[in-house]
Amino acid sequence: MAKGTRKEDDGNPPPARPNLGGQRKYDLDDCFFDSIDTEAKAYWLGFITADGCVRSGPQGTAGWNLNQVNVKLKASDAGHLEKLKADLSAESPLIPVPHKSHPGVQVSFSSRRLVGSLTRLGVTPRKSLTVQPWAGPDDLMRHYWRGMFDGDGTIARHPGDRPKWHLRMLGSEAVVEAFRVWASATCGSAAGKYPKGNIWSWTVGGLAEPQALVRELYDGSTVYLDRKYELALQLMAAPVLRRNRDGTPCSRDRCDDEATDNGRCRRRRGRRDRQHAD
């Protein structure tokens, strides 16, 4: 048998780490996404759902079955693809993608088993507008959402003297709605999602709510997109300032004797809730 080829299987699940998908030059851990039970697996599932591309089906004049996962990022994020390769124990090289103003880099993994696992988890060809979010264990969802956010989210600080930030998530309606529900439970935001062209968007702004959300996403994590993690650290370090009725600043220290929830003073929130009840 020629190097890099194998006989078709008999319909049974393939064994661990076989050479699948027609021809493959580079080894990898085919079983990585068989079971999502670690931070890294949940994160990369989210990231590939956001920024990856799954291809399957006939390819080429010889009729080979193409089973491939591609991830393309801008050239300055090449280090993130190296992290992905390391976790997948993959030997695939990074391929430069020339562009006059926005050069990129991509990596490809050929494996029928890998593609099959991702497909069962909702990562299908031409998924951008139809993908459904993964519903996993509570302790892994923040890692999954961090992967999704690193791929399709935004952290930005507004210009000006006041420390005001916003976090935004883009994606299919189902993904954005699921992220909104999860994020709102974390930071207390009442913001709703809205359509933006043929995709959907959800935004939280200010300081206390973005700070609470970014802490849940990034604090204590071990895998992340470096440039977004740096912004997350800046946001987490920002002092939360509130204002009293007379317009004077109300600092976190001043509210320490009244416990806070997600950066919100319970006394002020309780007063607001009583007003709504009236």
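Before any of the text, the structure's been laid out above.
A brief report on the enclosed structure follows. In this text the structure is predicted, and so the values were computed from the model without any measurement.

A closer look at the packing of aromatic side chains
Applying the stated criterion to the full structure yields twelve aromatic pairs. With a centroid separation of 6.0 Å and 40 degrees between ring planes, the pair formed by Phe179 and Trp182 is classed as tilted. Taken together, the positions of Phe179 and Trp182, both in helix α5 (residues 173-187) and three residues apart, correspond to about one turn of that helix. Given a relative accessible area of 0%, Phe179 falls into the buried group. On the numbers, 6.4 Å between centres and 50 degrees between planes, the contact of Tyr218 with Tyr229 is tilted.

A closer look at the pattern of salt bridges
Any two side chains of opposite charge can pair, given that their charged atoms come close. Summed over the entire model, instances satisfying the criterion amount to eight salt bridges. Across the salt bridge formed by Glu39 and Arg146, the nearest N and O atoms sit 2.9 Å from each other. Note that Glu39 is positioned in helix α1 (residues 39-51) and Arg146 in helix α4 (residues 138-152), a separation of 107 residues in sequence. Among the residues examined, Glu39 registers a relative accessible area of 18% and is labelled buried.

Observations regarding the environment of Leu45
Positionally, Leu45 belongs in helix α1. In this structure Leu45 comes out as buried when scored by relative accessible area, which is 0%. Sequence separation between Leu45 and Leu121 is 76 residues; the distance between their C-alpha atoms is 8.3 Å. Filtering out sequence-adjacent residues up to four positions away, Leu45 remains in contact with Phe33, Ile36, Leu118, Leu121, Val123, Trp134 and Tyr144.

Thoughts on the nonpolar core
Counting residues in each nonpolar core, the largest one holds 63 residues, and the members touching the most others are Phe33, Trp44, Phe109, Trp145, Phe179, Leu213 and Tyr218. In terms of residue count, the dominant contributor to this core is α1 (eight residues). Those residues in contact with Phe109 that sit more than four places away from it in its chain are Leu28, Asn67, Gln68, Val69, Leu84, Lys85, Leu88, Ala90, Ser92 and Leu114.

Points about the packing of α1 against helix α2 (residues 78-87)
Interaxial distance between α1 and α2 falls to 11 Å at its minimum, and their mutual angle equals 130 degrees. On the basis of their axis angle, the class for α1 and α2 is oblique. Taken as a pair, α1 and α2 cross one another with a handedness that is left-handed. Only His80, Lys83, Leu84 and Asp87 of α2 make contact with α1, whose side of the interface consists of Ala40, Tyr43, Trp44, Phe47 and Ile48. Residue classes in the contact of α1 with α2 are distributed as six nonpolar, one polar and two charged.

A short note on α4
One turn of the α-helix equals 3.6 residues, which is why residues spaced by three or four share an orientation. Under the 1.5 Å per step criterion, the end-to-end length of α4 is 21 Å for 15 residues, consistent within 8% with the ideal 21 Å. When you tally the buried positions in α4, you get twelve out of 15 residues, the bulk of the element. Taken as a whole, α4 has its buried residues at Leu140, Met141, Arg142, His143, Tyr144, Trp145, Arg146, Gly147, Met148, Phe149, Asp150 and Gly151. Taken together, the buried residues of α4 touch α1, β5 (153-157), β6 (165-171), α5, α6 (208-218) and α7 (226-237).

Examining the sheet that holds β6
An order of β5-β6-β8-β7 is seen for the four strands of this open sheet, with the pairing classed as antiparallel. The outermost strands of the open sheet, each flanked by one partner alone, are β5 and β7 (194-196). On average, each strand axis in the sheet is inclined to that of its neighbour by 30 degrees, with strand direction left out of account. Across three bridges, β7 lies against strand β8 (residues 199-206) in antiparallel orientation. The partner of Pro195 across the bridge, within β8, is Trp200. Packed on one face of the sheet, α4 meets β5 and β6 and runs near 95 degrees to β6. Relative to the sheet, α5 contacts β6 and β8, its axis offset from that of β8 by approximately 20 degrees.

Reading guide: rules and limits
- Residues numbered from 1 in each chain as written.
- Predicted model: local features only at pLDDT ≥ 70, side-chain atom pairs only at ≥ 80, totals over all residues.
- Heavy atoms only, no water.
- Phe/Tyr/Trp six-rings, centres within 6.5 Å; stacked < 30°, edge-to-face > 60°.
- Helix = DSSP H or I, 4+ residues; strand = E, 2+ residues; numbered from the N terminus.
- Buried < 20%, exposed > 50% of the residue type's maximum accessible area, 1.4 Å probe, protein only.
- Salt bridge = Lys/Arg side-chain N within 4 Å of Asp/Glu carboxyl O.
- Contact = heavy atoms within 4.5 Å.
- Core = buried A, V, L, I, M, F, W, Y, C linked by side-chain atoms within 4.5 Å.
- Axes fitted to C-alpha atoms, helices over the stretch in contact; angles between N-to-C directions.
- Parallel < 35°, antiparallel > 145°, perpendicular 65-115°, else oblique.
- Left-handed = near helix turned anticlockwise from the far one by under 90°.
- Nonpolar A, V, L, I, M, F, W, Y, C, P; charged D, E, K, R; others polar.
- Expected span 1.5 Å × (residues − 1).
- Pairing = 2+ DSSP bridges.

As far as function goes, none of this settles anything; it's purely spatial.
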